Every structure is written in structure tokens, then in C-alpha cells.
Amino acid sequence: MNEKEVMQSVLDILQELHVDIDFEKQEKMVDDKILDSFDLVTLVTELGEEFDVEITAGDFVAENFNSVERLTRMVVRLLDE
């Protein structure tokens, strides 16, 4: 799976959480409280299932969840490990 495919899957998961938000334009999804704690738990679960990766406590920082690009980079890194 290439980075573009990962990004599209991440966007699809985010759109399932909130259909009314344009996630491609968001740069501070956590810092601006666009995603709440329940959303983050759901997102971690969905990403883990979709990509068969484990997001650990070390990865669970706002920096990794603030934008689609950062989420994509984290998933690609976890896929490569």
C-alpha cells in the first residue's frame, strides 16, 4: 500500500467520524478540539484494524493526530516497522 492509498483510507475513516468536516484542510485536529477523546480512541481502533498496526502510547501524541498528513506518516512508519 503506497502513501496515497494510506492517506485516502485515513480520510475515509475520519469522514466516518465526522461527515461535516473537511479534514484535508485541518492542521490542528487535536489542538483545536475538532477530534475529542472518544474520536481519538475510535480512530486508533479503526487505524489498527484497517492497517494491521499497533498504535502504542508513544505514538499517541497530539502531534501525530493533528492532520491527515501526520496521521498518514505515522501509519506508513508503523507499516514499515
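Coordinates for the structure precede this section.
Each value, and the rule that gives it
Residues numbered from 1 in each chain as written. Predicted model: local features only at pLDDT ≥ 70, side-chain atom pairs only at ≥ 80, totals over all residues. Heavy atoms only, no water. Axes fitted to C-alpha atoms, helices over the stretch in contact; angles between N-to-C directions. Helix = DSSP H or I, 4+ residues; strand = E, 2+ residues; numbered from the N terminus. Parallel < 35°, antiparallel > 145°, perpendicular 65-115°, else oblique. Left-handed = near helix turned anticlockwise from the far one by under 90°. Contact = heavy atoms within 4.5 Å. Core = buried A, V, L, I, M, F, W, Y, C linked by side-chain atoms within 4.5 Å. Buried < 20%, exposed > 50% of the residue type's maximum accessible area, 1.4 Å probe, protein only. Expected span 1.5 Å × (residues − 1). Arc of directions from axis to C-beta.

Peer 1: Please provide a residue-by-residue account of the packing of helix H1 (residues 3-17) against helix H2 (residues 37-51), values included.
Peer 2: Packing of H1 against H2 leaves a shortest axis separation of 10 Å and a crossing angle of 140°. On the basis of the axis angle, H1 is oblique to H2. Along this stretch, H1 crosses H2, giving a crossing that reads as right-handed. For the pair H1 and H2, contact is made by Val 6, Ser 9, Val 10, Ile 13, Leu 14 and Leu 17 and by Asp 39, Thr 42, Leu 43, Glu 46, Leu 47, Glu 50 and Phe 51, respectively.

Peer 1: Quick one: what's the story with the nonpolar core, residue by residue and with numbers?
Peer 2: Looking at soluble globular proteins, one finds that nonpolar side chains tend to be buried together. Val 10, Leu 14, Phe 23, Leu 43, Leu 47, Phe 65 and Leu 71 are the most contacted members of the largest nonpolar core, which has 24 residues in total. Mapped onto this core, the elements with two or more residues apiece are H1, H2 and helix H4 (68-80). Setting aside residues no more than four positions away along its own chain, Leu 43 makes contact with Ile 13, Leu 14, Leu 17, Leu 35, Phe 65 and Leu 71.

Peer 1: Quick rundown of H2? Include the residues and the values.
Peer 2: Compared with the 21 Å implied by 1.5 Å per residue over 15 residues, the 21 Å span of H2 between its first and last C-alpha is a close match. Turning to H2, its buried residues number three or more, namely Asp 39, Leu 40, Leu 43, Val 44, Leu 47, Gly 48 and Phe 51. One side of H2 holds all its buried residues, which, seen down the axis, span an arc of 165°. What points out from H2, more than 90 degrees from its buried face, is the exposed set Phe 38 and Glu 49. Tucked inside the fold, the buried residues of H2 contact H1, helix H3 (62-65) and H4.

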